[in-house]
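# Examining the three-dimensional arrangement
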Amino acid sequence: MLTGLPRADRWPEIRPHALLDVIQKSRDCVSWVVIDVAPYLEEDEELSFDTAAPRRNQATLAALEAADEVVVVGAADPVGLQRLVRGLDGIKEHTHKSPLVVVNRVRASAVGRDPERKIREILQRFAGVETVSFIPDDPRAYDGALLNGEVLLDSAPKSQAREALSLLANDVAGVPPPQVRNRRAKG
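Report on the accompanying structure.

## Topic: unusual backbone geometry
- The phi dihedral of Arg105 is positive, around 60°, even though this residue is not glycine.
- Mapped onto the fold, Arg105 is located in strand S2 (residues 100-106).
- Judged by its relative accessible area of 39%, Arg105 is partly exposed.
- One non-glycine residue, Asp114, lies in the positive phi region at around 55°.
- Tracing the chain through its elements places Asp114 in the loop between helix H5 (108-111) and helix H6 (115-127).
- In this structure Asp114 comes out as partly exposed when scored by relative accessible area, which is 42%.

## Topic: the pattern of salt bridges
- Summed over the entire model, instances satisfying the criterion amount to seven salt bridges.
- Arg117 is the salt-bridge partner of Asp114, the closest N and O atoms lying 3.0 Å from each other.
- On the basis of relative accessibility, which here comes to 37%, the residue Arg117 falls in the partly exposed class.
- For Arg117, the salt bridge is made with Glu121, and the minimal N-O distance between the two is 2.9 Å. Here Arg117 pairs with Glu121, and both are found in helix H6, just four residues apart, close to one helical turn.
- For Glu121, a relative accessible area of 43% puts it in the partly exposed group.
- Look at the salt bridges and you will find they share partners, linking Arg105, Arg107 and Asp137 into a network.

What counts, and at which threshold
Residues numbered from 1 in each chain as written. Predicted model: local features only at pLDDT ≥ 70, side-chain atom pairs only at ≥ 80, totals over all residues. Heavy atoms only, no water. Helix = DSSP H or I, 4+ residues; strand = E, 2+ residues; numbered from the N terminus. Buried < 20%, exposed > 50% of the residue type's maximum accessible area, 1.4 Å probe, protein only. Salt bridge = Lys/Arg side-chain N within 4 Å of Asp/Glu carboxyl O.

Quick look at the structure:
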């Protein structure tokens with residue numbers, strides 16, 4: 001897992017060629033490399049004409065260029081969905097890959113009744129997204145894991161959010177979902 005910078009003001013220190021080298025070295029060491037990048041893709045017009053100047057989003061753009069898969073995550077609330085739609089437009093300009101869209105913290109209290117249907121309709125209408133993965137909001141499980149410094153698998157193995165994340169990971173990895181057995185008693 002390659003995460004972002006510890007401080008946002010350090011972005012000029014990352015050069016795209018160096019990041020691409022890190023990504024390649026990581027690929028040489030492990031089967032999967034996950035890169036968490038900045039959520040914004042807008043280009044600073046003042047800097048885009050000066051090729052020697054660093055661009056604020058250069059690490060994100062380099063990671064998108066190197067990506068085999070692009071997963072775009074948005075929040076399941078009105079502000080988060082608006083940002084997701086804008087972000088999907090920006091991603092189309094910087095990669096030919098079709099992103100896997102994930103909506104996190106899905107709950108009726110933020111979107112209304114039948115939140116998955118509403119979110120699916122919004123994303124289809126405004127971003128042309130046909131397929132969406134949903135991660136339900138599960139504050140008790142999230143808070144418990146954070147409080148105990150554990151992953152959801154250890155702190156809340158039966159959590160709906162953990163199960164949805166597991167299915168998402170299988171989908172990204174190309175692994176078929178686990179078969180559910182019917183356990184009927186014989187007799």
